[in-house]
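Examining the three-dimensional arrangement
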Amino acid sequence: EVQLVETGGGLIQPGGSLRLSCAASDFTVSNKYMSWVRQAPGKGLEWVSVIYSGGTTYYADSVKGRFTISRDNSKNTLYLQMNSLRAEDTAMYYCAIYCSGGSCYSGGYYYYYMDVWGKGTTVTVSS
Amino acid sequence: DIQMTQSPSSLSASVGDRVTITCRASQSISNYLNWYQQQPGKAPKLLIYAASSLQSGVPSRFSGSGSGTDFTLTISSLQPEDFATYYCQQSYRTPWTFGQGTKVEIK
């Protein structure tokens, strides 16, 4: 069964750094698109970043230049390096995989959807 | 960035009701639209992708429609386990943005 387990959250002071990990089982992270999505307390979902199977990365404007998504194929783990943290980065952080069941290709087009999610890890930025 | 706007932000309904949630994109996104359900304290769950394709294992009372800028999620007969928050998300262009959510509450 495809599973994702996030770790690395915690309490961190503004301006600090933190690295989140997302350990994957039953699939190979390098073969899939994967994302980080966050949710501030009492708020909606915010898409943070994606890494393509080929290694291309994209970010939300709110984290661009401060966060870096990466993966370690030998550990089959996705990461989110978060620098220059701000109070507004306080959130539950989820990792997710796109199209876990196979290809995102359907009817001549690619449709990207997150169908497996981890349970999340909490990041609190506060002094 | 593409802005996604859901309406209403919340609604109250009874078991058995037909419920419709709307999602509007700030520009055309063809049918690159996903719907997720989130129960309190849980991770989101995929319901619909490509605007109208039902994810495996999701009950058939859920359906999606639309193309271009206007989309709808319909629950044909609301069940107790459907009281949750629903989000649309576009995957047409990065950043793949979410709507602000629609909370479905018990009347």
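Reading the values: the criteria
- Residues numbered from 1 in each chain as written.
- Chains lettered and ligands numbered in written order.
- Predicted model: local features only at pLDDT ≥ 70, side-chain atom pairs only at ≥ 80, totals over all residues.
- Heavy atoms only, no water.
- 1 Å grid on protein atoms, 1.4 Å probe; cavity = no way out; pocket = protein on both sides within 12 Å on 5 of 7 lines; lining within 4 Å.
- Points joined across faces, edges and corners; volume = space filled by probe spheres on them.
- Helix = DSSP H or I, 4+ residues; strand = E, 2+ residues; numbered from the N terminus.
- Nonpolar A, V, L, I, M, F, W, Y, C, P; charged D, E, K, R; others polar.
- Pairing = 2+ DSSP bridges.
- Axes fitted to C-alpha atoms, helices over the stretch in contact; angles between N-to-C directions.

As a further point, take the layout of surface pockets. Each pocket or cavity is described by its volume, and for the largest pocket that value is around 600 Å³. As for the largest pocket, its lining consists of 25 residues, of which A:Val116, A:Trp117, A:Gly118, B:Ala43 and B:Pro44 are closest to the centre. At the level of secondary structure, the elements contributing two or more residues to the lining of the largest pocket comprise β1 (3–7), β9 (91–98) and β12 (114–117) of chain A together with β5 (45–49) of chain B. Residues that form the lining of the largest pocket fall into these classes: eleven nonpolar, eight polar and six charged. Of the voids in this model, the second largest pocket is the one considered here, and its volume is about 440 Å³. Every residue lining the second largest pocket is counted, 22 residues in all, and those nearest its centre are A:Gln39, A:Lys43, B:Gln38, B:Pro40 and B:Thr85.

Here we take up the sheet that holds strand β8 (residues 77–82) of chain A. Residue and element names in this part refer to chain A. The strand order across the open sheet formed by four strands is β1-β3-β8-β7, and the pairing between neighbours is antiparallel. With one partner strand each, in any of the chains shown, β1 and β7 (67–72) form the two edges of the open sheet. Going across the sheet, the axis of each strand differs from the next one's by a mean of 20°, ignoring polarity.

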